[in-house]
Amino acid sequence: MLAKQFCLASVLKMSQLHLIRKINEQEMLEDMFDAYFDARKNKRNTINALIFEKNFESNIFTLFEEIIERRYEPKRSICFVVDRPVKREIFAANFRDRVVHHFIYNYIYPIFEKILINDTYSCRRGKGVHHGIKRVDHFIRSCSNNYQKDCYILKMDVKEYFMSINRDILFSIIKDNLLKRQEKINFDLTLILYLLEKTIYNNPTKNCIVKGKRNSWRGLPKTKSLFGAKTNCGLPIGNLTSQLFGNIYLNGLDHFIKKDMAIRYYGRYVDDFVVIHNDKEYLKSIIPKIKNFLEEKLELTLHPKKIYLQDYKKGVMFLGAVIKPFRIYIANRTKGNFYIAIKKNKLFPQKGLLEEEMELLTSSMNSYLGIMTHWNTYRLRCKMLKYFLAKWGDYFCENKRKTKVIFKKKLFYLNKNKNS
């Protein structure tokens, strides 16, 4: 009788576990659909996205089954080189792998968001480039007592950062942090660790599709290419996960500077970091300490030619802006890129130009103008818009505040709808 009751209890327990597993899988499948919708934002017109979207429900179910059954393998990446804003090698993951990247990101981002210090700005909601610039400007004001006393700015960065990230160290950092908090985790940790391992240790250079000519790599140092990276090192620039991993990898440095060294005014964006202090000699003394930490703990090298130490009055260039007392300017490189975007645009004013092409040009121009509106750039915007409209005046007009260009055909339809 007892044996029968034990068997019934065991069967009941097994059925309950099976039911729980099914519920968990159903929730994860819903999360996979959410990841798909996140991945396709601004990517719907790419070939891989269109192929995936044609039968997206079936493709998501197939991908989910591969993951659940531990059969998932990343597909071939597309490799190419971009020249702007600087020459970089990009690896674009297959769209289905982008879905997986968003799937991973949506689970682990909330956990690491609580671990990261307040003043790391990359790949974080509510932060970013403009927030980072404003924070550094605030640090300078605070440290100098609103420009009433001396303070000094130390800016540094890591040499060939993404190509130097050690995958073993990265996976260990992420795994250890997740295991420490596993009691608070409400997802299948073993599954996410499996996907993290597959993503981190995936070598996109193997069997990749190279887009463009070989001479596109001319001028790009081998140390800035995954093809020349050390064994088991390097992350592809272009993936969402790489951005998050790059932030997590230097989190130890952030805590070392903020807590162990008790430095108040410190901020970091990816591998660019700034320290502000009243004592110039003190800033000189911390450089070797930071250098040793990077080498011993993370196997990274502090860039010897990119150590900037100056009085705040001379300003500092940070994240595409030049921060000076009472004003912030846009960096010359951004100005130059805007000028080139107008001068070398492949579209030329002509009859029969596609409306989609005009929308693309509108987006390009307004993205630069949008960046400029954050800083003291009114005269520069006027100059750039004058140059732009000299070529495109038949198709575009500017708004009164000089903050954007408007495609006239779109403006005509908007006015027509208002009047009707």
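All values derive from a computational prediction rather than experimental measurement.

Colleague: Help me understand the overall build of the protein in this model?
Modeller: Counting its secondary structure elements, the protein contains 15 helices and 12 strands. Relative to its 420 residues, the protein shows a buried fraction of 44%. Summing over all exposed atoms, the protein offers an accessible surface of approximately 24,100 Å²; the carbon and sulfur share of this is 52%.

Colleague: Is there a simple way to think about the side chain of Asn-251 in this case?
Modeller: Within the fold, Asn-251 resides in helix α10 (residues 251-260). Setting aside anything within four residues of it in sequence, one finds Asn-251 in contact with Ile-115, Leu-116, Ile-117 and Arg-268.

Colleague: Honestly, unusual backbone geometry in this entry has me stumped. Any pointers?
Modeller: Working note: non-glycine residues mostly have negative phi, and peptide bonds are mostly trans. Positioned with a positive phi, Leu-319 is a non-glycine residue whose angle comes to about 55 degrees. With respect to the helices and strands, Leu-319 occurs in the loop between β8 (316-318) and β9 (321-324). Of the residues examined, Leu-319 reaches a relative accessible area of 18% and is grouped as buried.

Colleague: I'm lost on the packing of aromatic side chains in this one. Help?
Modeller: Aromatic ring pairs are defined here through the distance separating the ring centres and the angle between the ring planes. A complete count under the given rule lists 21 aromatic pairs for this structure. With centroids separated by 5.1 Å and ring planes inclined at 25 degrees, the aromatic side chains of Tyr-105 and Tyr-109 adopt a geometry described as stacked. Of the two residues, Tyr-105 and Tyr-109 are both situated in helix α4 (residues 95-115); the distance of 4 residues between them amounts to about one turn of the helix. The class for Tyr-105 is buried, based on a relative accessible area of 8%. For Tyr-109, a relative accessible area of 5% puts it in the buried group.

Colleague: In this structure, what is going on with the sheet that holds strand β4 (residues 209-210)? I would like to understand it.
Modeller: By definition, the strands of a sheet pair up through backbone hydrogen bonds, in either a parallel or an antiparallel sense. As summarised here, the arrangement of the 3 strands in space is β2-β1-β4, forming an open sheet in which the pairing is mixed. Looking at strand neighbours, the two that pair on one side only are β2 (88-92) and β4, the edges of this open sheet. Taken together, the 5 bridges between strand β1 (residues 78-82) and β2 define a ladder with antiparallel strand orientation. Among the inter-strand pairings, Ile-78 is bridged to a residue of β2, identified as Ala-92.

Colleague: So what exactly am I meant to see when it comes to a positive patch on the surface here?
Modeller: A grouping of Arg-88, Lys-224, Lys-306 and Arg-333 is seen on the molecular surface, where their side chains present a positively charged patch. By the secondary structure assignment, Lys-306 is in the loop between α11 (280-298) and β7 (308-311).

Colleague: Could you clarify how one ought to interpret the sheet that holds strand β10 (residues 327-330) in this entry?
Modeller: Strand order across the open sheet formed by 3 strands is β8-β9-β10, with antiparallel pairing between neighbours. Each edge of the open sheet carries a strand with a single partner, namely β8 and β10. If you compare each strand with its neighbour and ignore which way they point, the axes differ by 30 degrees on average.

Colleague: In this structure, what is going on with the pairing of strand β5 (residues 265-269)? I would like to understand it.
Modeller: For a regular strand, side chains alternate in direction, first toward one face of the sheet and then toward the other. Of all 5 residues in β5, 4 are buried, a share of seventy percent or more. Two successive antiparallel strands, β5 and strand β6 (residues 272-277), enclose a turn made up of 2 residues, where Val-270 displays a positive phi of approximately 55 degrees.

Colleague: Looking at this model, I keep getting lost on the side chain of Thr-403. Mind explaining?
Modeller: Turning to its location among the elements, Thr-403 is positioned in the loop between β11 (396-398) and β12 (405-407). A relative accessible area of 18% means that Thr-403 is categorised as buried. A polar side-chain atom of Thr-403 sits 2.7 Å from a polar atom in the side chain of Asn-399. Ignoring any residue separated from it by four or fewer positions in sequence, one finds Thr-403 in contact with Leu-369, Gly-370, Thr-373 and Arg-381.

Colleague: When you look at α11 in this model, what are you seeing that I'm missing?
Modeller: Each α-helix turn comprises 3.6 residues. Residues three or four places apart therefore point the same way. Look at α11: 27 Å from first C-alpha to last across 19 residues, which is about the 27 Å you get at 1.5 Å a residue. Buried within α11 are the following residues: Leu-283, Ile-286, Ile-287, Ile-290, Phe-293, Leu-294 and Leu-298. On the buried face of α11, the contacting elements are β3 (152-157), α7 (167-180), α9 (240-249), α10, β6 and β7. One side-chain oxygen at the N-terminal end of α11 lies 3.0 Å from the backbone nitrogen of Glu-281; it belongs to Asp-279.

Colleague: Any chance you could explain the nonpolar core here in plain terms?
Modeller: Buried together is how nonpolar side chains tend to be arranged in soluble globular proteins. Core analysis: the biggest nonpolar cluster contains 84 residues, and Ile-108, Leu-178, Leu-196 and Leu-253 have the highest contact counts within it. Among the elements that take part in this core, α4 stands out by supplying 12 residues, more than any other. Not counting residues within four places of it along the chain, the set of residues in contact with Leu-178 comprises Ile-108, Ile-111, Phe-112, Ile-185, Leu-189, Leu-193 and Leu-196. Within the second largest apolar cluster, 20 residues are counted, among which are Ile-133, Val-274, Ala-321 and Ile-328.

Colleague: What is the right way to look at the packing of α10 against α11 in this model?
Modeller: To characterise two packed helices, one gives the angle between the axes of the helices and the distance between these axes. As a packed pair, α10 and α11 sit with axes 11 Å apart at the nearest point and diverge in direction by 150 degrees. One finds that α10 runs roughly antiparallel with respect to α11. The chirality of how α10 crosses α11 is right-handed. Contact residues: α10 offers Gly-252, Leu-253, Phe-256 and Ile-257, while α11 offers Lys-289, Ile-290, Phe-293 and Leu-294. For the contact of α10 with α11, the residue count by class is 6 nonpolar, 1 polar and 1 charged.

Analysis parameters
Residues numbered from 1 in each chain as written. Predicted model: local features only at pLDDT ≥ 70, side-chain atom pairs only at ≥ 80, totals over all residues. Heavy atoms only, no water. Helix = DSSP H or I, 4+ residues; strand = E, 2+ residues; numbered from the N terminus. Buried < 20%, exposed > 50% of the residue type's maximum accessible area, 1.4 Å probe, protein only. Areas by Shrake-Rupley, 256 points an atom, 1.4 Å probe, with all protein chains shown as cover. Contact = heavy atoms within 4.5 Å. Phe/Tyr/Trp six-rings, centres within 6.5 Å; stacked < 30°, edge-to-face > 60°. Pairing = 2+ DSSP bridges. Patch = residues over 30% accessible without salt bridge, like charges linked within 9 Å, V, L, I, M, F, W, Y side chains within 5 Å. Salt bridge = Lys/Arg side-chain N within 4 Å of Asp/Glu carboxyl O. Lys, Arg positive; Asp, Glu negative; His and termini not counted. Charge placed at Lys NZ, Arg CZ, Asp CG, Glu CD. Axes fitted to C-alpha atoms, helices over the stretch in contact; angles between N-to-C directions. Polar contact = N/O pair within 3.5 Å; in protein donor to acceptor, adjacent residues only side chain to side chain. Expected span 1.5 Å × (residues − 1). Core = buried A, V, L, I, M, F, W, Y, C linked by side-chain atoms within 4.5 Å. Parallel < 35°, antiparallel > 145°, perpendicular 65-115°, else oblique. Left-handed = near helix turned anticlockwise from the far one by under 90°. Nonpolar A, V, L, I, M, F, W, Y, C, P; charged D, E, K, R; others polar.

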